Amino acid sequence: SQKIEQNSEALNIQEGKTATLTCNYTNYSPAYLQWYRQDPGRGPVFLLLIRENEKEKRKERLKVTFDTTLKQSLFHITASQPADSATYLCALPAPTSGTYKYIFGTGTRLKVLA
Amino acid sequence: ETGVTQSPTHLIKTRGQQVTLRCSSQSGHNTVSWYQQALGQGPQFIFQYYREEENGRGNFPPRFSGLQFPNYSSELNVNALELDDSALYLCASSKGTENYGYTFGSGTRLTVV
């Protein structure tokens, strides 16, 4: 079955530095991958979608890469701010035609220190 | 545009009881998906509704059931509650034929005692 692995350890970084989060997956070749942000007690918020034919995608201070050979996506936040502190989830579409259900990783908790 | 609204925000139930959770989808979205998120875990897919029909189901027992109404709002019903059903229940809406990402509600925190 499909498996997604995100670093379950919390990531603490200093304000202004670049945060890099990792999402690895197995037994699957998804057509795209998504990243979400989740604050405590709230629902996830969609950030970025990257397709298998895109190596990199950017949105403001966010950058996502997608390496289908390594089966890995990297999520970068440049010039990080304390407001970026949250849990970041990666999600892959489940390999079932006709539906858009997703398999989520457990998320990585990011804390940006002022 | 309005976002996804879920009610209630918090709920405490006793083991064996039944519960109904409600979700209003974002304007223009015709697909609703329900997820269960246990503490410290990622969301787990329960089922999806598209045009009032179930359109895929995750690994959840039949005591988890749902409905979608003509206005695309949805309900999640759970019968015979168990302690392990305690979780954050998330509703997400999307346009059925697009994959631009879900819009999630803030969730319903269910505690079973």
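What you see is a predicted model; the values in this text were computed from it and never measured.

Undergrad: Pulling in residues and values, what's your account of the interface of chain A and chain B?
TA: Contacts between the two partners involve 20 residues from chain A, matched on the other side by 23 residues from chain B. Summing both sides of the interface, chain A and chain B together bury roughly 1700 Å²; the carbon and sulfur share of this comes to 51%. In this structure, the connection of chain A to chain B is made through 0 salt bridges. On inspection of chain A and its partner chain B, the count reaches 4 residue pairs in polar contact (both at pLDDT 80 or more).

Undergrad: Go over the packing of aromatic side chains with me, naming the residues and quoting the values.
TA: Residues and elements named next belong to chain A. Applying the stated criterion to the full structure yields 16 aromatic pairs over all chains. With a centroid separation of 5.5 Å and an interplanar angle of 55 degrees, the aromatic rings of Y36 and F104 are classed as tilted. Of the two residues, Y36 sits in strand β4 (residues 32-38) while F104 sits in strand β10 (residues 102-104), which places them 68 residues apart along the sequence. With a relative accessible area of 6%, F104 lands in the buried category.

Undergrad: Help me get a handle on the state of the cysteines, residues and values and all.
TA: By definition, a disulfide links the sulfur atoms of two cysteines through a covalent bond. Under the defined criterion, the tally for this structure stands at 2 disulfides over all chains. Put simply, C23 of chain A and C90 of chain A are joined by a disulfide, and their sulfur atoms are 2.0 Å apart. With the S-S bond torsion at 65 degrees, the cross-link from C23 of chain A to C90 of chain A turns out right-handed. Linking C23 of chain A in strand β3 (residues 19-26) with C90 of chain A in strand β9 (residues 86-93), this pair joins segments that are 67 residues apart in sequence. Assessed through its relative accessible area of 0%, C23 of chain A is described here as buried. Here C23 of chain B engages in a disulfide with C91 of chain B; their sulfurs sit 1.8 Å apart.

Cut-off values and rules
- Residues numbered from 1 in each chain as written.
- Chains lettered and ligands numbered in written order.
- Predicted model: local features only at pLDDT ≥ 70, side-chain atom pairs only at ≥ 80, totals over all residues.
- Heavy atoms only, no water.
- Contact = heavy atoms within 4.5 Å.
- Buried area = accessible area lost by both parts, 1.4 Å probe.
- Salt bridge = Lys/Arg side-chain N within 4 Å of Asp/Glu carboxyl O.
- Polar contact = N/O pair within 3.5 Å; in protein donor to acceptor, adjacent residues only side chain to side chain.
- Phe/Tyr/Trp six-rings, centres within 6.5 Å; stacked < 30°, edge-to-face > 60°.
- Helix = DSSP H or I, 4+ residues; strand = E, 2+ residues; numbered from the N terminus.
- Buried < 20%, exposed > 50% of the residue type's maximum accessible area, 1.4 Å probe, protein only.
- Disulfide = S-S within 2.5 Å.

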